[in-house]
Amino acid sequence: QVQLVESGGGLVQPGGSLRLSCAASGFLFSNYAMSWYRQAPGKERELVATITSSGGITNYADSVKGRFTISRDNAKNTVYLQMNSLKPEDTAVYCCNARRQLTYSALSYWGQGTQVTVSS
């Protein structure tokens, strides 16, 4: 059974930091690119950061560049999102996604999300 379980969300003041984790099970984690998405109330889902299966390449949304860092530990089947200098506009539900591109299709799995609230 495939599972992606996020943790680490919560309430933090502007300028603060949080570290999100996403623990994977039920599939070969090291074969999948991993991403963090977020969705704020009334807004579309936004891709925040992506890391390749080996961890060698990362990409970030312009809105989080220089503040967020995505990383992964394939031995622990876990992907992380370190979030620094948080702003109120970072408030959202953050979800992790696992994706593996096949020849004619793709496999994609989602976690249930963790709430991040940035407020004083």
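The coordinates are above.
Computed from a predicted structure; not experimentally measured.

**Student:** Is there a simple way to think about the side chain of Glu 6 in this case?
**Tutor:** Mapping Glu 6 onto the fold places it in strand β1 (residues 3–7). Buried within the structure, Glu 6 lacks any salt-bridge partner; Arg 45 is the closest side chain of opposite charge, at an N-O distance of 9.9 Å. Polar contacts involving the side chain of Glu 6 include one to the main-chain amide nitrogen of Cys 96, which spans 2.8 Å. Leave out the neighbours within four places in its chain, and Glu 6 touches Ser 21, Cys 22, Trp 36, Tyr 94, Cys 95, Cys 96, Gly 111, Gln 112, Gly 113 and Thr 114.

**Student:** Explain the environment of Arg 100 to me, please; I cannot follow it from the model alone.
**Tutor:** Mapped onto the elements, Arg 100 comes out in strand β9 (residues 92–101). Taking relative accessible area as the criterion, Arg 100 reaches 33% and is therefore assigned partly exposed. Among residues more than four places away in sequence, those in contact with Arg 100 are Asn 31, Tyr 32, Ser 105, Ala 106 and Leu 107.

**Student:** Any chance you could explain the sheet that holds strand β3 (residues 18–25) here in plain terms?
**Tutor:** Each strand in a sheet pairs with its neighbour through backbone hydrogen bonds, running either in the same direction (parallel) or in the opposite one (antiparallel). Spatially, 4 strands are ordered β1-β3-β8-β7 in an open sheet, and the strand pairing comes out antiparallel. Where the open sheet ends on each side, the last strands, each with one partner, are β1 and β7 (68–73). When the angles between neighbouring strand axes are averaged without regard to direction, this sheet yields 15°. Pairing geometry for β1 and β3, over 5 bridges, is antiparallel. Bridging from a neighbouring strand, Gln 3 pairs with Ser 25 of β3.

**Student:** Please explain the packing of aromatic side chains as it appears in this structure.
**Tutor:** Given two aromatic rings, their pairing is described by the distance between the two centres and the angle made by the two planes. All told, the structure shown has 4 aromatic pairs when counted by the stated rule. For the pair Phe 27 and Tyr 109, a centre-to-centre distance of 5.1 Å together with 45° between the ring planes defines the contact as tilted. Of this pair, Phe 27 sits in the loop between β3 and β4 (33–39) while Tyr 109 sits in strand β10 (residues 106–110), and the two are 82 residues apart along the sequence. Relative to Trp 110, the ring of Tyr 37 lies with its centre 4.9 Å away and its plane at 55°, an arrangement referred to as tilted. Remark: Trp 110 occurs in strand β10 and Tyr 37 occurs in strand β4; sequence separation between them is 73 residues. The exposure class assigned to Trp 110 is partly exposed, which follows from its relative accessible area of 36%. Counting every residue linked through ring pairs, the aromatic cluster contains Phe 27, Tyr 32 and Tyr 109.

**Student:** Looking at this model, I keep getting lost on the pattern of salt bridges. Mind explaining?
**Tutor:** Opposite charge on two side chains makes pairing possible when the charged atoms of those side chains draw close. As enumerated under the stated definition, the model contains 4 salt bridges in all. In this structure, Asp 62 engages Lys 65 in a salt bridge whose closest nitrogen and oxygen atoms are separated by 3.2 Å. In this structure Asp 62 comes out as exposed when scored by relative accessible area, which is 67%. One salt bridge connects Asp 90 with Arg 67, and the closest N-O pair in it is separated by 2.7 Å. Of the two residues, Asp 90 sits in the loop between β8 (78–83) and β9 while Arg 67 sits in the loop between β6 (58–60) and β7, which places them 23 residues apart along the sequence.

Conventions and cut-offs
- Residues numbered from 1 in each chain as written.
- Predicted model: local features only at pLDDT ≥ 70, side-chain atom pairs only at ≥ 80, totals over all residues.
- Heavy atoms only, no water.
- Helix = DSSP H or I, 4+ residues; strand = E, 2+ residues; numbered from the N terminus.
- Buried < 20%, exposed > 50% of the residue type's maximum accessible area, 1.4 Å probe, protein only.
- Lys, Arg positive; Asp, Glu negative; His and termini not counted.
- Salt bridge = Lys/Arg side-chain N within 4 Å of Asp/Glu carboxyl O.
- Polar contact = N/O pair within 3.5 Å; in protein donor to acceptor, adjacent residues only side chain to side chain.
- Contact = heavy atoms within 4.5 Å.
- Pairing = 2+ DSSP bridges.
- Axes fitted to C-alpha atoms, helices over the stretch in contact; angles between N-to-C directions.
- Phe/Tyr/Trp six-rings, centres within 6.5 Å; stacked < 30°, edge-to-face > 60°.

That is the geometry; function is a separate question.
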